[in-house]
Amino acid sequence: MAADEVYCTLVMTDSYLPGAAILAHSLRDAGTKKKLAVLVTTDILSVDTLTELKELYDYVIPVDRLGNPKPANLYLMSRADLLFAFTKLNLWRQTQFSKIVYIDADVVALRAPDELFDIKADFAAAPDTGWPDCFNSGLMVLTPNMGEFWALQTLAASGDSFDGADQGLLNQYYQHKDWHRLSFTYNCTPSAEYQWEPAYKYYKQNISMVHFIGKEKPWFKGRPGENGQGTYGELVGRWWATYDRHYKQAKPYVLGQSYQAHASMVQQLTFGETTSAGYNYAPKDSVFKPSQPPAPEADITTTEMPFTEPGEEAENIDQGLIIPAPTVEQRRFSLPHAEWDATRSAPPAESKPEAANLSVTNYEFSDNKQLFHAPSYPEPPKDMWYEVPETKPKPYEPPAPIFPWERERIFTQPTRVFAEDLPQPPHSPQVSTPTLARTSETGETEPLPATSEDAPPFSPTHNAWDSIQGIDRYVRAVMQTNDKRSGKTGPGKIPLPGPLEELMSPLGNSSQSSQQRRESLILTDFPTAIERPSLPVTPAPIRRPNFWGGERDEQGELPQAEGVPDQAEWNPSERLDQLRRSSLLEIEHLRALQEEGAKENPKRVLVESLSGSTESAASGVDSDGTSTEHGNNGEAKGSAAAEEAQLIGQKSDGGVPVFSEPEFGSGTGLFSAETVAEMENDGGGAVSPTER
Ligand SMILES: O=c1ccn([C@@H]2O[C@H](COP(=O)(O)OP(=O)(O)O[C@H]3O[C@H](CO)[C@@H](O)[C@H](O)[C@H]3O)[C@@H](O)[C@H]2O)c(=O)[nH]1
Ligand SMILES: [Mn+2]
């Protein structure tokens, strides 16, 4: 964002506040587009002054006071008040602004000289009437620059200024630099010089700003009155015009039912403005009482105010001549009536105590001897429930039928029908496969009637000529004639479609039912359901033995498994111990064999070792599955070994044992030899591993 361009002034003492106020108002009244800034020395200025400056200026910038270490030269001008004029040099430090048009606080603007911001030169000023080779430092166009500031600061520290103030110092500094000379109309200083008055008359319409140099300032002297004639009086009048526009009337505000007019700091610091009897002023914090205070709810437009006719009121308020009546909103609130002003004095000696008007309530202690009885309340009504109206459930009504099969409700709950339960149809002995059946509404199963016998099946291609017997006879005669000519028998010469050819064949060789078929030459005369071989789409179920070889008993219990020991006889820990011992032996045995027969075929070694190991392992199990001590039962041992050998060598032709899958019957696989032997012995439903 581009830095601001501002008009800037300086206020070091409260006494220059009226000047700064009128400068700000005059620039704003003239319609400037620029913002206003003020440099302030906060160590001297009062809070009230700073407050009013904050209302007047966009930027209030505190700066350090810069004094002149050698103020002697100031006395050449009799201006000891300019001891701290070097403070103005702080302008060059304000680098937050791109351009500053500095104006002394004792200046009133007749128009806003905004075009000064367009000057390209780093520094511009107007000539001083005292010595026109010098510029007057009451108006300067400058570009803040820290380098320049330090240079000026160095000069100030040495006290090098021909007038002991800022103007002498700055002129010395810019003497050898090119400073841009502005028109005198930008910083017009009234003077009593002989040439001044005619020149003023000639140039006065061009004047932008009037600068009241010297010890006397308009606000120090007060209104010119009778002395206000002549050229100077005319220019001073421009200052007072701006003052009157903004400060002639004390700003009123409402306090309770009275109006308090409060003089601003500007008014208080302007000579004569709070002491002269000629103005509607009110000293600070004094109570201003209108002659007829308005009725509390009176309308603002009808209230008679002091010094006014009703019709002139609005205009007079605008001109600041009268205090406007408080609005209804303002009247609604009024401060409580106070006997005395607590902020200013102690209460009157004979005044009432503070809480004298508070209402007091005394409560008597009860001396009632009766015991307390809780009040009785009526019983709540007993029938406070909602009676649900009785509704009879509607009998189920099926929805109206839509499809033909819904109309003829021939199918009820489906039941299972076995083919052997169906009566054989008397007219089709060859058809042994199940036929279509339906369950009648009485629950009995009966075959569906054969439709072909009773009524000819619907044929969409039925030809009316087909029913004329003469045509049929003629065609047969032609066919027979053709056969005789070609020396062939049979009607095979006329290409006929599959089923028809079959029908026409005198041998009837293709089907056992061909004898029953009607002979026909009509192409669309397809065999009936009875004539054609039955092709059951949905086979009727046939009762079979189940997986377990028979029907479940009536309770649905499966028959007892064969070869499985009873739960009561089974000792799991004993069996586990057995298994562990047998596996250990087996491993030892295997290891021994591996060492011996390392040169031989490893497959063979493995198998042999297995048969050997099973011998020891299986010996712990009886043929009927009961456990025995290891090695005690030689007979069992032998039979188990034989079985194991059979198991391993099974289906291996030429006596070469084949051991293909590790999980089959291997002592090192999933099944121990013992388990395998047990499975063998179990028989019945148990599956031998090699059979899997
Ligand atoms: O007590 C004071 C004195 C001065 N100022 C400020 O300093 C400025 C200069 O003082 P001023 O009284 O206006 O001086 P002039 O009478 O105008 O004297 C001339 O000489 C001064 C000293 O060189 C310059 O600063 C002025 O611009 C120049 O016009 C004022 O406008 C104020 O802004 C204060 O705030 N308080
Ligand atoms: Mn000045």
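Residues numbered from 1 in each chain as written. Chains lettered and ligands numbered in written order. Predicted model: local features only at pLDDT ≥ 70, side-chain atom pairs only at ≥ 80, totals over all residues. Heavy atoms only, no water.

Undergrad: So what's going on with the overall build of the protein chain? Which residues, and what values?
TA: Per the secondary structure count, the protein chain includes 18 helices and 14 strands. Out of the 692 residues in the protein chain, the part that is buried amounts to 33%. Within the protein chain, contacts between residues at least 6 apart in sequence are counted, and of these 64% link residues at least 24 apart. Counting only carbon and sulfur atoms, one obtains 55% of the accessible surface of the protein chain, whose full area is about 45700 Å². (Helix = DSSP H or I, 4+ residues; strand = E, 2+ residues; numbered from the N terminus. Buried < 20%, exposed > 50% of the residue type's maximum accessible area, 1.4 Å probe, protein only. Contact = heavy atoms within 4.5 Å. Areas by Shrake-Rupley, 256 points an atom, 1.4 Å probe, with all protein chains shown as cover.)

Undergrad: Lay out the coordination of the manganese ion (ligand 2) in plain terms, naming residues and giving numbers.
TA: The coordination sphere of the manganese ion (ligand 2), as far as protein atoms go, consists of Asp104 (OD), Asp106 (OD), Asp106 (OD) and His211 (NE2), spread over 2.1 to 2.4 Å. Around the manganese ion (ligand 2) sit 6 donor atoms, and with donor-metal-donor angles ranging over 56 to 171 degrees the site reads as irregular. The sequence motif formed by the donor residues of the manganese ion (ligand 2) is D-x1-D-x104-H. Here Asp106 is found in the loop between strand 4 (97–103) and strand 5 (107–109), whereas its partner His211 is found in strand 9 (residues 209–211), with 105 residues between them in sequence. (Donors = N, O, S within 2.8 Å, 3.2 Å for Na, K, Ca; no water. Tetrahedral: all angles 85-135°; square planar, octahedral: opposite > 155°, others 65-115°.)

Undergrad: Which residues make up the packing of helix 3 (residues 146–158) against helix 4 (residues 166–174), and what are the values?
TA: Axis separation between helix 3 and helix 4 bottoms out at 10 Å; the angle between their running directions is 120 degrees. Here helix 4 runs oblique to helix 3, going by the angle between their axes. Both helix 3 and helix 4 take part in a crossing whose hand is right-handed. The segment helix 3 lies against helix 4, with Glu148, Ala151, Leu152, Leu155 and Ala156 engaging Leu169, Leu170, Tyr173 and Tyr174. (Axes fitted to C-alpha atoms, helices over the stretch in contact; angles between N-to-C directions. Parallel < 35°, antiparallel > 145°, perpendicular 65-115°, else oblique. Left-handed = near helix turned anticlockwise from the far one by under 90°.)

Undergrad: Go over the pattern of salt bridges with me, naming the residues and quoting the values.
TA: Enumeration according to the criterion identifies 16 salt bridges in this entry. For the salt bridge of Asp244 with Arg223, the shortest nitrogen-to-oxygen distance reads 2.3 Å. Here Asp244 is found in helix 7 (residues 230–247), whereas its partner Arg223 is found in the loop between helix 6 (218–221) and helix 7, with 21 residues between them in sequence. Relative accessible area serves as the criterion here: at 26%, Asp244 is assigned to the partly exposed category. For Arg223, the salt bridge identified is with Glu273, shortest N-O distance 3.1 Å. Of this pair, Arg223 sits in the loop between helix 6 and helix 7 while Glu273 sits in the loop between helix 8 (265–269) and strand 12 (287–288); the two residues are 50 residues apart in sequence, bridging distant segments of the chain. The partly exposed category is assigned to Arg223, whose relative accessible area is 24%. Residue Glu273 is classed as buried on the basis of its relative accessible area of 5%. (Salt bridge = Lys/Arg side-chain N within 4 Å of Asp/Glu carboxyl O.)

Undergrad: Which residues make up the pairing of strand 6 (residues 123–127), and what values do they have?
TA: Moving residue by residue along a regular strand, the side chains alternate between the two faces of the sheet. Counting buried positions along strand 6 gives 5 out of 5 residues, so the element sits mostly inside the fold. Inspection of the sheet shows strand 6 paired to strand 7 (residues 135–142) by 4 bridges, in the antiparallel sense. Bridged to Pro127 within strand 7 is Phe135. Two elements, strand 6 and strand 8 (residues 180–181), share 2 bridges in a ladder whose sense is parallel. Of the residues in strand 8, the one forming a bridge with Ala125 is Arg181. (Pairing = 2+ DSSP bridges.)

Undergrad: Tell me what's going on with the site of ligand 1, and back it up with residues and numbers.
TA: Around ligand 1, a shell composed of 24 residues is seen, among which Leu10, Met12, Tyr16, Arg79 and Asp166 lie nearest. Between ligand 1 and Lys88, the relevant distance is 2.9 Å, taken from an oxygen atom to a side-chain nitrogen or oxygen of the residue. At 2.9 Å from an oxygen atom of ligand 1 is found a side-chain nitrogen or oxygen belonging to Asp106. For the shell around ligand 1, the secondary structure elements donating two or more residues are strand 1 (4–11), strand 7 and helix 4. It is strand 7 that contributes the most residues to the shell around ligand 1, 3 residues altogether. For the shell around ligand 1, the per-class residue count stands at 9 nonpolar, 7 polar and 8 charged. (Near = heavy atom within 4 Å. Polar contact = N/O pair within 3.5 Å; in protein donor to acceptor, adjacent residues only side chain to side chain. Nonpolar A, V, L, I, M, F, W, Y, C, P; charged D, E, K, R; others polar.)

Undergrad: Requested: an account of the pairing of strand 4, with residues and values cited.
TA: Counting buried positions along strand 4 yields 6 of 7 residues, so the element is predominantly enclosed. Pairing between strand 1 and strand 4: 5 bridges, direction parallel. Bridge pairing in strand 4 places Tyr7 opposite Val101. Bridge count for strand 4 against strand 7 is 4 bridges, and the pairing is antiparallel. Opposite Tyr102, over in strand 7, you have Met140 as the bridge partner.

Undergrad: Explain the nonpolar core to me, using residue names and the numbers behind them.
TA: Core analysis: the largest hydrophobic core is formed by 49 residues, its most contacted members being Tyr57, Ile103 and Leu182. The leading source of residues in this core is helix 1 (residues 17–29), at 7 residues. Residue contacts for Tyr57: discarding those within four places in its chain leaves Thr9, Ala20, Leu23, Ala24, Arg28, Leu36, Ala37 and Val38. If you look at the next biggest cluster of nonpolar residues, it comprises 29 residues, including Met12, Leu89, Met140 and Trp179. (Core = buried A, V, L, I, M, F, W, Y, C linked by side-chain atoms within 4.5 Å.)

Undergrad: Mind laying out the side chain of Lys88, listing which residues take part and the relevant values?
TA: Among the structural elements, Lys88 can be located in the loop between strand 3 (59–62) and strand 4. Taking relative accessible area as the criterion, Lys88 reaches 6% and is therefore assigned buried. Within polar-contact distance, the side chain of Lys88 engages the backbone oxygen of Ser137 at 2.9 Å. Here Lys88 is in contact with Leu10, Tyr102, Asp104, Ser137, Gly138, Met140 and Asp166, once residues within four sequence places are set aside.

Undergrad: Give a detailed account of the packing of aromatic side chains, specifying residues and quantitative values.
TA: Under the counting rule described, the total for this entry stands at 20 aromatic pairs. Seen in terms of ring centroids, Phe123 and Tyr174 are 3.9 Å apart; in terms of plane orientation they differ by 10 degrees. Their pairing is stacked. With Phe123 in strand 6 and Tyr174 in helix 4, this residue pair connects regions lying 51 residues apart in the sequence. With a relative accessible area of 2%, Phe123 lands in the buried category. Here the aromatic rings of Trp240 and Tyr243 are separated by 5.1 Å at their centres, their planes lie at 70 degrees, and the arrangement is edge-to-face. One end of the pair is Trp240 and the other is Tyr243, both in helix 7 and 3 residues apart, which spans about a single turn. An aromatic cluster of three or more residues is present, and its members are Tyr16, Trp219, Phe220, Trp239, Trp240, Tyr243 and Tyr247. Between Lys34 and the ring centre of Phe117, over which it is positioned, the NZ or CZ distance is 4.9 Å. Over the face of the ring belonging to Phe84 we find Arg65, whose NZ or CZ atom lies 4.2 Å from the ring centre. (Phe/Tyr/Trp six-rings, centres within 6.5 Å; stacked < 30°, edge-to-face > 60°. Lys NZ or Arg CZ within 6 Å of the ring centre and 35° of its normal.)

Undergrad: Could you give an account of the sheet that holds strand 7, naming the residues involved and the relevant values?
TA: With mixed pairing, 7 strands are arranged side by side in an open sheet as 3-2-1-4-7-6-8. Because the sheet does not close on itself, it has two edges, and the strands there are strand 3 and strand 8. When strand 2 (residues 35–40) meets strand 3, the two strands line up parallel, connected through 4 bridges. Pairing of Leu39 across the sheet is with Ile61, part of strand 3. Lying over the sheet, helix 4 contacts strand 6 and strand 7, oriented at roughly 60 degrees with respect to strand 7.

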